[in-house]
Structure formats: structure tokens, C-alpha cells
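# Structural characterization, general
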Amino acid sequence: MDFNELKENAEQICKELKDKAPADLSALALSLSAIIKMMITMVSGLMEQNEKQATTNSNLLGTIKDLQETIKELQRKLNMDSHNSSKPPSSDGYKKAKKDRSLREKTGRKTGGQKGHKGVNMKLPHEPDEVKIHLPEKCKTCPYLSSCTANGHVFECTEKRYVVEAVIKTNVIEHQIVKALDCPCGEVKLKGEFPENVKGYIQYGDSFTAISGLLSTFGAVSTERIQTLIDGMFNVSLSEGTICSMIKKCALKVKPVVQKIRECLIDSDVVNFDETGVRVEGSTQWVHNSSNEKYTYLTVNQKRGKIGIEDNGVITKFKGTAVHDCWGSYWKFDNVSHAVCCVHLLRELISISENNPSHIWANRLKNLLLTMKSAKENAIEQDKSGLNESQIIALEREYDEIMAYANMECPPPDNTEPKKRGKRKKGKERSLIERLIKLKASVCLFIHNFAVPFDNNQAERDIRNVKTKSKVSGCFRSVKGAQNYLTITSFLSTARKQGIDAFVALTSAFNGKAEKIILGVGSE
């Protein structure tokens with residue numbers, strides 16, 4: 001029976017009491033009727049108030065839940081550092097991660113060189129330019145010193161030591177053109193010509209151009225400091241405009257080789273991809289990296305996503321395995337096989353374990369990924385080309401079991417809750433679980449194909465110098481300036497991977513030998 005029906009019954013009873021009550025009880029019947037009506041009115045008001053309170057409580061519970069999620073998310077962000085997220089170590093500041101948080105496991109070995117490692121010592125670069133003889137102290141004041149020295153048999157060298165000093169000097173070359181005043185062949189207009197690269201009355205040679213390009217890119221030195229360094233070392237004053245022109249000239253010299261580097265990457269089996277933000281012309285633009293253990297190719301674009309990746313020009317024509325993080329734009333390219341950086345996943349799993357200690361699936365999966373890595377490394381040490389099929393099946397079965405347990409510990413959002421506008425919020429943990437289930441093949445690819453690395457450290461190392469440069473210089477004033485820097489950096493990074501000195505590589509570009517030295521092609 002609902003309240004309205006109860007109210008109607010009470011009013012009916014009051015009416016019957018009033019009609020049937022004797023005369024001496026009619027006043028009492030009227031009073032009872034009034035009291036019942038008043039109580040019904042009060043109950044009606046209380047019920048209405050209770051309904052409003054219930055609605056308010058429901059809204060407050062929803063608000064509390066949202067606030068709890070917000071607090072949890074803020075706490076997660078507050079706990080983020082380089083060991084449990086993609087933030088760089090430089091962002092940790094003085095709050096350094098504890099040593100026991102490192103992803104590197106203790107080996108039990110002492111620090112320093114290990115037994116059996118190949119030793120390296122300093123070697124003389126060439127024969128001595130100067131010899132200094134150190135006589136005994138008493139002989140220096142002896143009256144027979146000159147005769148003993150002239151004899152040639154009194155003193156004998158018992159030990160030699162060498163000191164390698166740097167000699168910094170400039171070499172001024174004067175170019176002269178001459179004409180024949182009296183030619184025995186009868187020619188009347190014979191006159192020499194200056195080399196094509198000698199255009200001004202006084203100009204800087206290619207060595208200064210190479211040094212400026214090297215300091216700006218490989219050294220990550222600002223233009224103003226390059227100016228100060230060259231002036232201090234060589235007593236040569238270069239304007240900032242001249243230095244910028246030299247850097248541009250370096251970029252033009254190495255550009256043909258860098259384009260060949262891009263082609264070599266396209267023809268490779270495995271390429272690492274990454275991107276990082278940099279300030280250009282007062283706004284954030286994105287440096288896109290494509291690299292492997294042999295080559296590096298860097299470009300800049302306003303967009304971080306698919307447009308910027310396509311502009312880089314490698315992945316669009318690439319047919320091999322692309323190693324990258326879980327940035328969504330990379331998955332739009334279906335012409336390649338995808339491999340996920342497992343170190344990024346390890347950091348996310350550490351974050352889940354720290355923020356949700358009761359959820360053990362994250363720690364289990366972290367241990368499984370490290371077990372897979374160790375199994376691959378042990379197989380490589382034994383000169384094996386792959387893991388046994390039984391090993392792979394066992395490891396992937398455990399992967400599936402862990403993800404099934406993860407679904408139990410962190411199930412999908414409850415669909416019975418009131419529907420709000422937009423997608424239902426899953427949270428970081430649930431999103432990671434769904435991603436790991438969906439991308440299982442890409443996560444585990446490194447144990448199927450030993451050419452695929454466990455991580456994407458190669459790309460991160462190749463792009464790191466860009467962050468160093470941006471911290472020193474603050475920003476790039478123009479897109480062309482940024483691309484010139486990246487072109488030279490691509491060239492020098494590739495040269496280092498080939499075991500070629502950076503200065504030697506850059507000077508070879510001015511001699512027309514860069515392609516032969518860097519890529520091993522070309523004619524003598």
C-alpha cells in the first residue's frame with residue numbers, strides 16, 4: 001500500500017468516525033480526525049524531504065567517488081618520476097629515486113673493470129715533436145758538463161715518459177694568381193685562376209666551418225659560446241651571423257649523405273622510432289627520430305602525430321619491424337610489424353604496483369618480462385638464434401594467465417552505474433590492462449625475433465642530444481635552423497656508429513669523401 005492510498009483510507013476512517021460517533025463523542029472524533037490529518041501531512045512532508053535527501057546523498061556519493069578518483073590520480077602524478085614513468089631523470093631534481101627502485105638488477109660483481117675484459121690504454125698519436133733531457137741535479141752545476149755532453153758516452157737514457165700536449169694555431173694560406181709576361185710558346189694572355197672555393201680577399205677556411213658545425217651540434221654549444229671559444233683558441237673573431245652561415249653550409253654539404261642514410265634505414269630489418277618536443281619559432285614543434293645501431297635520421301615538424309611521422313619519410317616506405325612506445329599514431333601504419341618498448345611498460349607496471357599495492361598482477365607481469373629478457377640473453381650467449389618452442393609457449397601461457405588475473409583485480413567499469421555523457425572513464429590501470437591484452441604479439445615479439453630489441457633505448461639515445469641542445473640554447477629561432485642542426489646531427493651520429501671521429505667525418509664532407517667514408521660507397 002502506497003502513501004496516497006494510506007492517506008485516502010485515513011480520510012475515509014475519519015469521515016466514518018464523524019458520521020457514526022454519538023453526540024457526546026463527536027468532539028473527540030473531530031479531534032482525532034484533525035490529529036490524523038496533521039500526522040498524514042507531517043509524514044507526507046517528511047517523505048518528500050527524505051526523497052530529496054536521498055537524491056542529495058546519491059549526488060554526494062558520486063561527487064565523493066569522483067573526488068577519490070581525482071585524489072588518486074593526483075597522488076599518482078605526484079609519485080611520478082623517471083623510474084615509474086617516461087619522465088626524464090633530469091626532471092627528478094633533488095628528489096632522486098632510491099637505488100632499490102632501479103630496473104637494473106644487482107649482479108653481485110664489484111664495480112670497475114671485470115676479470116677478462118679487454119684493457120685500453122693511452123697510445124702515442126705520433127713520434128715526439130720535442131725531446132727534453134733531464135740531467136742529474138749535481139751534473140747541472142758541474143764544470144765538466146759541456147765536455148761530458150760532447151763525449152756522448154757519459155750519459156745514457158734509462159727511462160722515457162711522454163706528455164701529449166694540444167697545440168692550437170692558425171694556418172694562413174696565401175693564394176696568388178700569376179700571369180706569364182714572356183711566354184716561350186708565344187701565348188700573350190696566360191693568367192692563373194683562384195680555386196672555386198676561394199672567393200673573398202680574406203675568408204675563413206673549411207676547418208673553421210667544420211669546427212663551428214661540430215660545436216653547435218655534437219657539442220650542443222650556443223652560437224655566442226662558439227664565438228667566444230674560437231676567439232679565445234685561435235684569435236679569430238667570428239660574428240654570430242657568420243657562425244650561422246657556417247652551420248648552414250655544413251648542413252648543405254652533408255645533406256646528400258643524410259638522404260642516403262634515410263634510404264639505408266628504409267632498407268633495414270629493424271628501425272627504432274621516437275619523438276620529442278622542442279621550441280622552434282616560439283612554439284612547440286616535434287623532432288622525429290628514425291634510427292638503428294648503424295644509422296640515424298632526424299627531422300622536425302609542427303605535428304607530433306601521423307603527419308609528423310609521415311614527414312620524416314622512413315616508416316611510410318619501411319617494410320620491416322618498427323620499435324616504438326605505445327604512442328597511438330605509430331599503429332596507424334599497417335605496412336610494418338610493430339614491437340613495443342618493454343622498458344616503458346616496466347615503468348608503468350612499477351607505477352601500478354606502487355599506487356595499488358594490493359594488485360599483484362603488475363608485479364607478476366614485470367617479473368615475467370624480465371624473465372623473457374633473461375631467457376633471450378642466455379640464448380644469445382649460447383649462440384642460439386631463438387628460444388625453444390616449448391619455452392615460448394610456456395612464457396606466453398603465463399602472460400595470458402597474468403592478464404586474466406588482472407581482469408579479476410581490476411575489472412571493466414560497472415555498466416549499472418548511471419550513464420554520463422561521453423566515454424566511461426576506465427583509469428590508468430584498466431587502460432594498461434586492455435592495451436597489454438590487445439598488443440600481446442607486439443609486446444612478446446622480441447622473444448620470437450632476436451633482431452628485435454627488448455627496449456627502444458636506441459631511439460632515445462639518438463634523440464637525447466636534441467634535449468641537451470634545447471636546454472643550452474633555449475630554442476631554435478627558425479625551422480630551417482632547427483632542420484640544419486638535425487641534418488648535421490644525423491650525419492655525425494651515423495659517423496660515430498660507424499666508428500668514425502666526428503671531426504674527421506665533417507671535414508670529409510668538404511673534401512667530397514663523406515659518402516665513401518660514412519656509407520662505404522663511391523669511387524676513389
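Summary of the structure given here. In this text, all values refer to a predicted model and were calculated from it rather than measured experimentally. (Residues numbered from 1 in each chain as written. Predicted model: local features only at pLDDT ≥ 70, side-chain atom pairs only at ≥ 80, totals over all residues. Heavy atoms only, no water.)

## Re the state of the cysteines
Under the definition given, this model contains zero disulfides. No disulfide involves Cys 157; its nearest neighbouring cysteine sulfur is the one of Cys 139, lying 15 Å away. Residue Cys 157 is classed as exposed on the basis of its relative accessible area, which comes to 52%. Cys 341 supplies the cysteine sulfur nearest to Cys 326, a cysteine that is in no disulfide, at a spacing of 8.6 Å. For Cys 326, a relative accessible area of 24% gives the class partly exposed. (Disulfide = S-S within 2.5 Å. Buried < 20%, exposed > 50% of the residue type's maximum accessible area, 1.4 Å probe, protein only.)

## Observations regarding the pattern of salt bridges
Under the defined criterion, the tally for this structure stands at 12 salt bridges. Between Lys 306 and Glu 310 there is a salt bridge, with the nearest N and O atoms lying 4.0 Å from each other. Of this pair, Lys 306 and Glu 310 both sit in helix H8 (residues 306–312), four residues apart, roughly one helical turn. Note on Lys 306: relative accessible area 33%, which makes it partly exposed. Taking the shortest distance from any N to any O, the salt bridge between Glu 434 and Arg 430 comes out at 3.2 Å. On the criterion of helical spacing, the pair formed by Glu 434 and Arg 430 is a turn pair, its members being four residues apart in helix H12 (residues 428–438). On the accessibility criterion, Arg 430 (5% relative accessible area) is buried. (Salt bridge = Lys/Arg side-chain N within 4 Å of Asp/Glu carboxyl O. Helix = DSSP H or I, 4+ residues; strand = E, 2+ residues; numbered from the N terminus.)

## Comments concerning the pairing of strand S2 (residues 283–291)
One ladder, built from nine bridges, connects strand S1 (residues 270–280) with S2; its direction is antiparallel. Bridge pairing links Asn 272 to Ser 291 in S2. Here S1 hands over to S2 after two residues, with Glu 281 in that stretch at a positive phi of 55°. In this sheet, strand S3 (residues 296–301) lies alongside S2 in antiparallel orientation, the contact comprising six bridges. Looking at S3, one finds that Trp 286 is bridged to Asn 301. The antiparallel pairing of S2 with S3 creates a hairpin that spans four residues between the two strands. (Pairing = 2+ DSSP bridges.)

## Describing unusual backbone geometry
One non-glycine residue, Ala 220, adopts positive backbone phi at about 55°. By secondary structure assignment, the location of Ala 220 is in the loop between helix H5 (206–217) and helix H6 (223–234). Unusually for a residue other than glycine, Asp 383 sits at a positive phi of about 60°. Counting through the fold element by element, Asp 383 comes out in the loop between helix H10 (361–381) and helix H11 (389–409).

## So, the packing of helix H7 (residues 240–266) against helix H17 (residues 502–510)
The geometry of a pair of packed helices is captured by two quantities: the angle between their axes and the separation between those axes. Axis separation between H7 and H17 bottoms out at 9 Å; the angle between their running directions is 80°. When the axis of H7 is compared with that of H17, the two are roughly perpendicular. Counted together, Lys 249, Cys 250, Lys 253 and Val 254 of H7 and Leu 506, Ala 509 and Phe 510 of H17 form the full contact between these two elements. Considered class by class, the residues forming the contact of H7 with H17 number five nonpolar, no polar and two charged. (Axes fitted to C-alpha atoms, helices over the stretch in contact; angles between N-to-C directions. Parallel < 35°, antiparallel > 145°, perpendicular 65-115°, else oblique. Contact = heavy atoms within 4.5 Å. Nonpolar A, V, L, I, M, F, W, Y, C, P; charged D, E, K, R; others polar.)

## Section: the sheet that holds S3
Note on sheets: strands pair through backbone hydrogen bonds, and any given pair is parallel or antiparallel. Strand order in this open sheet of five strands is S3-S2-S1-S4-S5, and the pairing throughout is mixed. One side of each edge strand has no neighbouring strand; the edge strands of this open sheet are S3 and strand S5 (337–340). Direction aside, the axes of adjacent strands within the sheet are offset by 25° on average. Strands S1, S2 and S3 of the sheet are contacted by H7, whose axis makes an angle of about 105° with S3. Strands in contact with helix H15 (residues 457–473) are S1, S2 and S3; relative to S1, the strand with the most contacts, it is inclined by about 15°.

## Overview of empty space enclosed by the protein
The full count for this structure, using the stated rule, is one cavity of 30 Å³ or more. Computed from the structure, the largest cavity encloses a volume of approximately 40 Å³. Along its surface, the largest cavity is lined by Phe 273, Asp 274, His 288, Asn 289, Ser 290, Ile 309, Asn 312, Val 314, Ile 315 and Tyr 330. The set of elements that each furnish at least two residues to the lining of the largest cavity consists of S1, S2 and H8. (1 Å grid on protein atoms, 1.4 Å probe; cavity = no way out; pocket = protein on both sides within 12 Å on 5 of 7 lines; lining within 4 Å. Points joined across faces, edges and corners; volume = space filled by probe spheres on them.)

## A few points about H17
For H17, the full list of buried residues reads Ala 502, Ala 505, Leu 506, Ser 508, Ala 509 and Phe 510. Contact partners of the buried residues in H17: H5, H7, helix H16 (479–497) and helix H18 (514–519). Regarding H17, its N-cap is Asp 501, as a side-chain oxygen of that residue lies 3.0 Å from the backbone nitrogen of Phe 503 further along. Immediately downstream of H17, the backbone of Gly 512 shows phi near 75°, a positive value. (Polar contact = N/O pair within 3.5 Å; in protein donor to acceptor, adjacent residues only side chain to side chain.)

## A word on the nonpolar core
Counting 47 residues, the largest nonpolar core has Ile 230, Phe 273, Ile 315, Ile 488, Phe 491, Leu 506 and Ile 518 as its most contacted members. Counting only elements with at least two residues in this core, the list comes to H5, H6, H7, S1, H16, H17 and H18. Among the elements that take part in this core, H7 stands out by supplying 11 residues, more than any other. Dropping the residues within four chain positions of it, Phe 273 is found in contact with Asn 289, Ser 290, Val 314, Ile 315, Phe 318, Ala 322, Val 323, His 324, Tyr 330, Asn 456 and Ala 459. Ranked by size, the runner-up nonpolar core spans 40 residues in total, among them Ala 339, Trp 361, Ile 433 and Leu 439. (Core = buried A, V, L, I, M, F, W, Y, C linked by side-chain atoms within 4.5 Å.)

## With respect to the packing of H5 against H17
In contact at an axis separation of 9 Å, H5 and H17 are set at 130° when each is read in the N-to-C sense. With respect to H17, the element H5 is oriented oblique. The crossing of H5 and H17 is right-handed. Counted together, Asp 206, Ser 207, Thr 209, Ala 210, Ile 211, Gly 213 and Leu 214 of H5 and Ala 502, Phe 503, Leu 506, Thr 507 and Phe 510 of H17 form the full contact between these two elements. Its residues assigned to classes, the contact of H5 with H17 comprises seven nonpolar, four polar and one charged. (Left-handed = near helix turned anticlockwise from the far one by under 90°.)

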